[in-house]
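# Fold and contact review
Single-letter residue listing:
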Amino acid sequence: MHIDKAQFPAEYSRYIKKKIVFLTAGSVLLLVTILISVCLGSVGVPVFYVIKALFGANDVDKWNTILFNIRLPRVLTAVFAGIGLSVSGVAMQSLLRNPLGSPFTLGISQAAAFGAALSVMLLGTGVMRSTGSAAVNITNPYLTTVSAFIFCLLTTGVLMAISRLKRSSPMAMVLTGVALGSLFQAGTMFLQFFADDVQLAAMVFWTFGDVGRTNWNEFFIIMATVTVSVIFFVSQRWKYNALDAGSDTAKSLGVPVERVGIIGLTVSSLVTAVIISFVGIIGFIGLVCPHMVRRLIGDDHRFLIPGSCITGGIILLAADTLARLILIPHVFPVAILTSFLGVPVFIFLIIRGYKR
Amino acid sequence: MRVEIRNLSFEYRLKQALRDISFSVAEHEIVAVLGPNGAGKSTLLKCMNRVLDLNKGSILVGNEDIKSLSRVGIARRMGYVAQRNETARLTAFDAILLGRHPHVKYGISKKDILVCNAIIDRLHMKELSLRYIDQLSGGELQKVCIARALVQEPSVLLLDEPTGSLDLKNQVEILRLIRTIVDGHDVSAVMSLHDINTAIHYADRIVFIREGQIHAVCRKNEITVETIRDVYGIEVTLHYTEDYPVVIPARY
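Computed from a prediction, not measured in an experiment: that's the story for all the values here.

### Quick word on the interface of chain B and chain A
Facing the 45 residues of chain B at the interface are 40 residues of chain A. At the surface where chain B touches chain A, the tally comes to two salt bridges. Salt-bridge contacts for B:Asp94 lead to A:Arg302; the nearest nitrogen and oxygen are separated by 2.5 Å. Across the chain B-chain A interface, the total number found is eight residue pairs in polar contact (both at pLDDT 80 or more). Looking at the side of chain B that touches chain A, the elements that each hand over two or more residues are α2 (71-77), β6 (78-81), α3 (92-97), α4 (110-122) and α5 (138-151) of chain B. The leading source of residues in the side of chain B that touches chain A is α4(B), at nine residues. Here the side of chain B that touches chain A is composed, by residue class, of 24 nonpolar, 10 polar and 11 charged.

### Quick word on a nonpolar patch on the surface
Residues and elements named next belong to chain A. On the surface, Val28, Val32, Ile36 and Leu40 cluster together to form a nonpolar patch covering roughly 310 Å² of accessible area. Tracing the sequence through the fold places Val28 in helix α1 (residues 10-39). On the basis of relative accessible area, Val28 is assigned to the partly exposed category, the value being 47%.

### Notes on the confidence of the model for chain B
On average, residues of chain B score 88 in pLDDT, and 100% of them are at 70 or above. In the predicted complex, the global pTM is 0.87; the interface-specific ipTM is 0.89.

### A few points about the state of the cysteines
All names here are of chain A. All told, the structure shown has zero disulfides over all chains when counted by the stated rule. The thiol sulfur of Cys152 is not disulfide-bonded, and the nearest other cysteine sulfur, from Cys289, lies at 19 Å. Overall, Cys152 belongs to the buried group, its relative accessible area being 0%. Cys309 forms no disulfide, and the closest cysteine sulfur to it belongs to Cys289, at a distance of 10 Å.

Quick notes on the rules
Residues numbered from 1 in each chain as written. Chains lettered and ligands numbered in written order. Predicted model: local features only at pLDDT ≥ 70, side-chain atom pairs only at ≥ 80, totals over all residues. Heavy atoms only, no water. Contact = heavy atoms within 4.5 Å. Salt bridge = Lys/Arg side-chain N within 4 Å of Asp/Glu carboxyl O. Polar contact = N/O pair within 3.5 Å; in protein donor to acceptor, adjacent residues only side chain to side chain. Helix = DSSP H or I, 4+ residues; strand = E, 2+ residues; numbered from the N terminus. Nonpolar A, V, L, I, M, F, W, Y, C, P; charged D, E, K, R; others polar. Patch = residues over 30% accessible without salt bridge, like charges linked within 9 Å, V, L, I, M, F, W, Y side chains within 5 Å. Areas by Shrake-Rupley, 256 points an atom, 1.4 Å probe, with all protein chains shown as cover. Buried < 20%, exposed > 50% of the residue type's maximum accessible area, 1.4 Å probe, protein only. pLDDT = per-residue confidence, 0-100. Disulfide = S-S within 2.5 Å.

This is the structure we're talking about:
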């Protein structure tokens, strides 16, 4: 076919530029939020000191301890957990062709809660302590994390096995996920029924997602996983756009639909598993952030994926900062706030009749 | 490009959908596939570019068996327009740009955008190119999907009821364009249609399918009242204008 009039469409360039401006503004906002969050807390640290300290000129010991041992790991964990949850939500929504796709839909969150409860119960990793902010401490956080992670993987594995075995539709996967979710929920309730007070407190406490649990090492694990997955999802952007046109059309455009689906869901389950295992269950970020971005800049995955990352980071971080500030000196678990934030937005989406 | 279908059979889980289909499409030829609802027209088109995997038989594009080609390989040779199309909040331009996917390695290039823009101009779609496709009418969306198949620069076009929801002007425009493309390039087209007169007017040959089998393959002036009665079970009369017939169903 000939390119009769070879001219570059100026309007399209303008349209693309607008999206890029939006993403750039979002990134700047994220950086500003990070800076503000690091400063705020029960002990305020001046902004100019934070900036100086980040460039190596750190001369006030008290502030350094707060900054580098407490605030920064927490703030950065919030950002990357937000990015990871949000980006896996986008992928699940696209791959399952279901606007409700999120870590909850596939039962992954429930599996993590069950894994944690199991480790508290059987391995005795939960003990009551009355120190400062957290009344209940998990004595061996790694064991709990590993146990939660194993159950996340198990759920992912079962979903993959079923989808491969029956070559099932996305719809079947959602239903399987919901079923598995309620199975694990029942399992958790079963354990809670037989738990003593301390164990019960530890189990419940674990499910309150809280980004303050991580130290630097754990943060680096989360960061690495999230970064790799974001790169992966960005590389899939055109394939996901093709999937939006329907699976027959996507196949006719050369997209191996089943393989893209299985790999994408595996990656997003893994990211979710890593995040949830370390910080507990944080709802609604994976569901709501992508929908906010869809409303703002549309479903084009070239912009939707980075946009969701940025929004996820900003919202989880903002919610966590708020959670740290409202009950000073107590720290409120962020998961409670994200749901308070999530439900109204979600209901708004329903009322607006948003159609994917 | 020449396409040859040899002894193609396909079955869904319980139902034999296509049985022993053989026909060929020459270069510069448009073949229309006609038949009652559920006869297997859409299934046939989906088998041709391996959206569905055929059970038996083979399909040759040029000299290559499509079983030996990768999905991207098939997509570079064959463009497909589905009967039903799903929407998203994607601009028409980006939806059409998707057709470049089989040719793209790392990211879209300037050439991809130029090809896309040329087709948009050609189909007079400039005004709707930046509208979201979930806000387009059925006919506009269908045009977008046809444009997507065209920017794919295929040698074979597979069109599943390409004019199903288009108004008369757009029908004529699209079919004329397909005719021009097929005549002027090394392209052939297979399209399923419901309107027999449209098929007679724009296609070179017509394949009649009934219950998953080929009933007849005829050139437009070979159509008989009997063929249509056998395929559709209705009485018609044929009226000749120039050298081909116009089919008019009996009123009672």
